[in-house]
Amino acid sequence: MQTKKFILNFFLLFVSTSVSLLSISLVLEILLPTRQTKIEMILRKKRLEIDYPLKIKSATNGFFPLYYPLKTREHFLRSRYYPAGTLAHTQTFYCNEGYGLISFKSDRFGLRNDEEDWDEIRNKGATFFIGDSFTQGACVEKEFVVTELFSNLLNENALNLGSAGNGPYEYVALLKNVVKPIISSNLGKETSTILLFYNNDNVRLEETLDQHLSSSQPIAEVNLNGFINVSKEYLSTLNETITKHYPTNSRDILDELKSNRERSTAYRVLTLYPLRSIIKKQRNTKKSSLSTNPSIKAISELHSICNPKTLCTPYVVYIPNSNYWDPTNEAGNEYKLLLEKTSNSLSIEFLDSSSSINPNEKSNYAPIGPHLSKEGYRKLANFIASKVNQK
């Protein structure tokens, strides 16, 4: 009798809890949509009706998805390396925010550069741009990518070390394992390193990543003639890791795209997606102490690697978010001030591009998405070039 009563009470508790959670999920998704959830619905509709068919077509034609370091890094924890980009020398489909599905062929590091730009370092030096999808050029053609625009403005050799999803941990890895081996190789060429931040870089400390990063090994190698190569062991590790954990042939890529196709509203409610996303956001925005803040560590790494002794000039750039697509909040303003204060304390010039890119002007941002428009990227490049050219 007691057992039956216990089972009944447990069943009632389970049902009442489930109904309560589903009700909250329903309210968040449908009954009380915020401005942000309405924007998410617009973007979901675009992904389902426009992006999905375009990606299917690209995969059918032999293009590969972008294997983000943010995603692949968890599989590198037992290795000597930290991922820098996607697969090298690979035709890659990227993203669409109103200008069509962007694609590019990755370079020797799995980044978005022409191969000759790496070889030109021995003659002209370089300006390294380190950042996330904004730096990589989401979601515009090559001629509107910030590094391309910057190169044309100042006749500089600009190298794009950006990748979608990157954050402070990836910035430190690129500084430590790509930029440092190059600028310390006694090429005798002056360089600059520009570290670009966006509000979503304000992430919390992850001790496992932090420890792995501190022991990770360089992947850039400079030979006696001054040419930049990539560690063969790193490339082998990258290829093996991606082949083992991700689809790498057209059929498997198509299957993966189909299985990850945008879900219906009913599915989202039943899986408690609205509630889970709020909890995840709160968890990811948990503040770290100043001594362990990943963004502060990235700027400190920039200062230690790029300085007058190494013939390198450092800059920190802040990119404002669209107040339509990705509204800022008080935490975002605090983050910008933290970046500025940290940069100033290390005598690094802080460049707030909000003075050129008005976050309230929709024309500065993509037609359907939070990244910059063609005009927005042009303004960003002009702003950075004008500051660098004053040095």
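Draft legend 1. Molecular detail of the packing of helix 8 (residues 168-183) against helix 9 (residues 207-215). Two elements in contact, helix 8 and helix 9, have axes whose closest approach is 10 Å; the angle formed by their N-to-C orientations is 5 degrees. Taken together, helix 8 and helix 9 sit at an angle that is classed as roughly parallel. Every residue of helix 9 that contacts helix 8 at Tyr169, Val172, Ala173 and Lys176 is listed here: Leu209, Asp210, Leu213, Ser214 and Ser215.

Draft legend 2. Just the state of the cysteines, in detail. Taken as a whole and assessed by the stated rule, the structure comprises two disulfides. Through a disulfide, cysteine 95 is tied to cysteine 139; the S-S separation comes to 2.0 Å. With the S-S bond torsion at -120 degrees, the cross-link from cysteine 95 to cysteine 139 turns out left-handed. Of the two residues, cysteine 95 is situated in the loop between strand 1 (91-93) and strand 2 (103-105) and cysteine 139 in the loop between helix 6 (133-136) and helix 7 (146-154); the sequence distance between them amounts to 44 residues. Cysteine 95 sits in the buried class, given a relative accessible area of 14%. At a sulfur-sulfur separation of 1.9 Å, the disulfide partner of cysteine 306 is cysteine 312. Because the sign of the S-S torsion sets the handedness, a value of about -90 degrees for the bond joining cysteine 306 and cysteine 312 places this disulfide among the left-handed ones. Neither residue differs from the other here; cysteine 306 and cysteine 312 are each classed as buried. The cystine pairing of the protein, numbering bonded cysteines in sequence order, is 1-2, 3-4.

Draft legend 3. View of the sheet that holds strand 8 (residues 312-318). Taken in spatial order, the five strands of this open sheet run 4-3-5-8-9, and their pairing is parallel. With partners counted over all chains shown, the strands left at the sheet margins are strand 4 (158-160) and strand 9 (349-352), one partner each. Between one strand and the next, the sheet's axes are offset by a mean angle of 25 degrees, whatever the strand orientation. With four bridges joining them, strand 8 and strand 9 adopt parallel strand pairing. In the sheet register, tyrosine 315 faces strand 9, and the bridge partner there is glutamate 349. On top of the sheet, helix 8 reaches strand 3 (126-130), strand 5 (191-197) and strand 8; it is set at about 170 degrees to strand 3, its chief contact.

Draft legend 4. Spatial organisation of the packing of helix 7 against helix 16 (residues 374-388). One can describe the packing of helix 7 onto helix 16 by two numbers: an axis separation of 9 Å at closest approach and a directional angle of 45 degrees. Looking at the two axes, helix 7 sits oblique to helix 16. Here the hand of the crossing between helix 7 and helix 16 comes out right-handed. Residues Val146, Leu149, Phe150, Leu153 and Leu154 of helix 7 form the contact with helix 16, whose own contacting residues are Tyr377, Arg378, Leu380, Ala381, Asn382, Ile384, Ala385 and Val388. When the residues that make up the contact of helix 7 with helix 16 are grouped by side-chain class, the tally is 11 nonpolar, one polar and one charged.

Draft legend 5. Structural context of the pairing of strand 3. The element strand 3 is extensively covered by neighbouring structure, given that five of its five residues are classed as buried. Of the two faces of strand 3, the one lined by Ala126, Phe128 and Ile130 and the one lined by Thr127 and Phe129 are each fully buried. Relative to strand 5, strand 3 runs parallel, the two sharing five bridges. Bridge assignment links phenylalanine 129 to a residue of strand 5, and that residue is isoleucine 194. Alignment of strand 3 against strand 4, held across three bridges, turns out to be parallel.

Draft legend 6. A look at the environment of isoleucine 348. Among the structural elements, isoleucine 348 can be located in the loop between helix 15 (330-345) and strand 9. Along the chain, isoleucine 348 and proline 314 lie 34 residues apart, while their C-alpha atoms are 6.1 Å from each other.

Draft legend 7. Highlighting the side chain of threonine 92. Within the fold, threonine 92 resides in strand 1. The class of threonine 92 is buried, set by a relative accessible area of 0%. Looking at threonine 92, its side chain comes within polar contact range of the main-chain oxygen of threonine 90, at 3.0 Å. Ignoring anything within four residues of it in the chain, the contact list for threonine 92 reads Phe63, Phe64, Pro65, Leu66, Thr86, Ile102, Ser103 and Phe104.

Draft legend 8. Focus on the packing of aromatic side chains. The full count for this structure, using the stated rule, is eight aromatic pairs. Ring centres of tyrosine 94 and phenylalanine 104 lie 5.9 Å apart, and the angle between their planes is 85 degrees; on these two criteria the pair is classed as edge-to-face. On the criterion of sequence distance, the pair formed by tyrosine 94 in the loop between strand 1 and strand 2 and phenylalanine 104 in strand 2 is long-range, its members being 10 residues apart. Looking at phenylalanine 104, the relative accessible area reads 7%, which means it is buried. Against the face of phenylalanine 227 rests arginine 122, its NZ or CZ located 4.2 Å from the ring centre.

Draft legend 9. Representation of the nonpolar core within the structure. Ranked by internal contacts, the top residues of the largest apolar core, which has 58 residues, are Phe109, Trp118, Phe128, Leu161, Val178 and Phe197. Counting residues per element, this core draws most heavily on helix 8, which supplies 10 residues. If near-sequence neighbours (up to four positions away) are discounted, phenylalanine 128 is found in contact with Trp118, Ile121, Leu159, Leu161, Val179, Ile182, Ile183, Thr191, Ser192, Thr193 and Ile194. The next biggest cluster of nonpolar side chains, apart from the first, holds 37 residues, and it includes Leu43, Ala158, Ile357 and Ala381.

Analysis parameters
- Residues numbered from 1 in each chain as written.
- Predicted model: local features only at pLDDT ≥ 70, side-chain atom pairs only at ≥ 80, totals over all residues.
- Heavy atoms only, no water.
- Axes fitted to C-alpha atoms, helices over the stretch in contact; angles between N-to-C directions.
- Helix = DSSP H or I, 4+ residues; strand = E, 2+ residues; numbered from the N terminus.
- Parallel < 35°, antiparallel > 145°, perpendicular 65-115°, else oblique.
- Contact = heavy atoms within 4.5 Å.
- Disulfide = S-S within 2.5 Å.
- Buried < 20%, exposed > 50% of the residue type's maximum accessible area, 1.4 Å probe, protein only.
- Pairing = 2+ DSSP bridges.
- Left-handed = near helix turned anticlockwise from the far one by under 90°.
- Nonpolar A, V, L, I, M, F, W, Y, C, P; charged D, E, K, R; others polar.
- Polar contact = N/O pair within 3.5 Å; in protein donor to acceptor, adjacent residues only side chain to side chain.
- Phe/Tyr/Trp six-rings, centres within 6.5 Å; stacked < 30°, edge-to-face > 60°.
- Lys NZ or Arg CZ within 6 Å of the ring centre and 35° of its normal.
- Core = buried A, V, L, I, M, F, W, Y, C linked by side-chain atoms within 4.5 Å.

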